[in-house]
Amino acid sequence: MKNPFTIILFFLISITNYSQDRMYVSAENGLNIREKPSFTSNKIRHLPNNTMVMISKKTGIKLTLKDNSKEINGEWIKIYSFDENNRQGYVFDGFLTIDTPEIWYADKSAYSKTYSHKNFKKGTYNQQSSLKKYLDLSLPIVENTSKSLEIGNDLNFIKINNTPVVLFDSHNIEKLKPIGKIKKTSQVKIDSTFFKEKYRDFSKPWSISFNVWNRIIINGKPYYTDYDIHDSPTIEVIKELNQKVLIVGQDTGYDSAYHLGYPEYYFLLFLNENNEVIFESKILDITIGDEFAMKEDFLEINWNEKTNNFEITLFNQYETERKELKINWNGKEIKKL
């Protein structure tokens, strides 16, 4: 079991460093990242205006540039966390600022300045994608036409529980136009995410809700939804049945993720050898309760040769008494124990 004090200390140090080392591109035409601290060095990537960067170190190489007859003083600095490959590169910091823009960008995410623990709105945010006034409309049914799932690094799902989910043509709440409904659980691709506002109901202890939208792709077409995406899959191969099982939850964390603060709301998808869904469970009645949990911290699997069943146990070991949910899968249906 992880040491809680170590986890809290690590988190506090991370947050402190993150806030001190964060800067934003302040150049209308954007800023180039280079391999070395020189304007003649190869370009690694171009960052649009208002992109957030993380400072790795200062080089001490200072210079003065002229931009439209205006002198800009600065130095070359090393930055990181600007792409999915965790590369590092150099930029001239005369075109960076510590002032937070009204909207700033990090990879495929856009953050409004209002999306901050310092700027809670009073009340509760109501997800537009599940409001009755939109659900009652006669809208086209949107369904992923692929028979099989695309198994890769980004496995995202809209999980349908009791009611459909409405999709829109934008994330502009003032001018929402519903353009479709999803009526069954579908794999989606997240194109970009928009973090807008955090709400807090001060009449209830730490009752926090979030105005966060995703631009998703289904069958090559973009849609917008503020419905919570399931984006934390654990894949297990059931070699005895020539099948797979996806144990899918809603992932979270600080700043960018927003569901619960912990990966929760797990459900199961069983797949055949062609990655076609042969069984989908409801949301499982188990709370993991560990934000930093690795697979071994909440999951046990076993093939029972006597019963020819695949046994799955999800457990929470951070309560006073361990809580667990056991499921048997025989290749066609599940049985809770």
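You'll find the structure just up there.
Residues numbered from 1 in each chain as written. Predicted model: local features only at pLDDT ≥ 70, side-chain atom pairs only at ≥ 80, totals over all residues. Heavy atoms only, no water.

A.B. asks: For the sheet that holds strand E23 (residues 323-329), give the residues involved together with the corresponding values.
C.D. replies: Judged by pairing direction, the sheet is antiparallel, and its four strands sit side by side in the order E21-E22-E23-E24 without closing on themselves. A single partner strand is all that each edge strand has here, and the edge strands are strand E21 (299-304) and strand E24 (334-336). Each strand axis lies, on average, 20° off the axis of its neighbour in the sheet, ignoring direction. Bridge analysis of strand E22 (residues 309-316) against E23 gives seven bridges, and the strand direction is antiparallel. Bridged to Thr313 within E23 is Lys326. (Pairing = 2+ DSSP bridges. Helix = DSSP H or I, 4+ residues; strand = E, 2+ residues; numbered from the N terminus. Axes fitted to C-alpha atoms, helices over the stretch in contact; angles between N-to-C directions.)

A.B. asks: Pulling in residues and values, what's your account of the packing of aromatic side chains?
C.D. replies: All told, the structure shown has 18 aromatic pairs when counted by the stated rule. Taking 6.4 Å as the distance between ring centres and 85° as the angle between the ring planes, the aromatic pair formed by Phe157 and Phe267 counts as edge-to-face. With a gap of 110 residues between them, Phe157 in strand E11 (residues 156-158) and Phe267 in strand E19 (residues 264-271) connect regions that are remote in the sequence. This pair shows no difference in class: Phe157 is buried, exactly as Phe267 is. Put simply, the rings of Tyr24, Trp104, Tyr111, Tyr115, Phe195 and Phe210 touch in pairs and so form one group of aromatic residues. In this structure, Lys198 packs its charged tip against the face of Tyr115, placed 4.7 Å from the ring centre. Arg322 extends its terminal NZ or CZ atom over the ring of Phe315, reaching a point 4.0 Å from the ring centre. (Phe/Tyr/Trp six-rings, centres within 6.5 Å; stacked < 30°, edge-to-face > 60°. Buried < 20%, exposed > 50% of the residue type's maximum accessible area, 1.4 Å probe, protein only. Lys NZ or Arg CZ within 6 Å of the ring centre and 35° of its normal.)

Any functional reading would require information that these geometric values do not contain.
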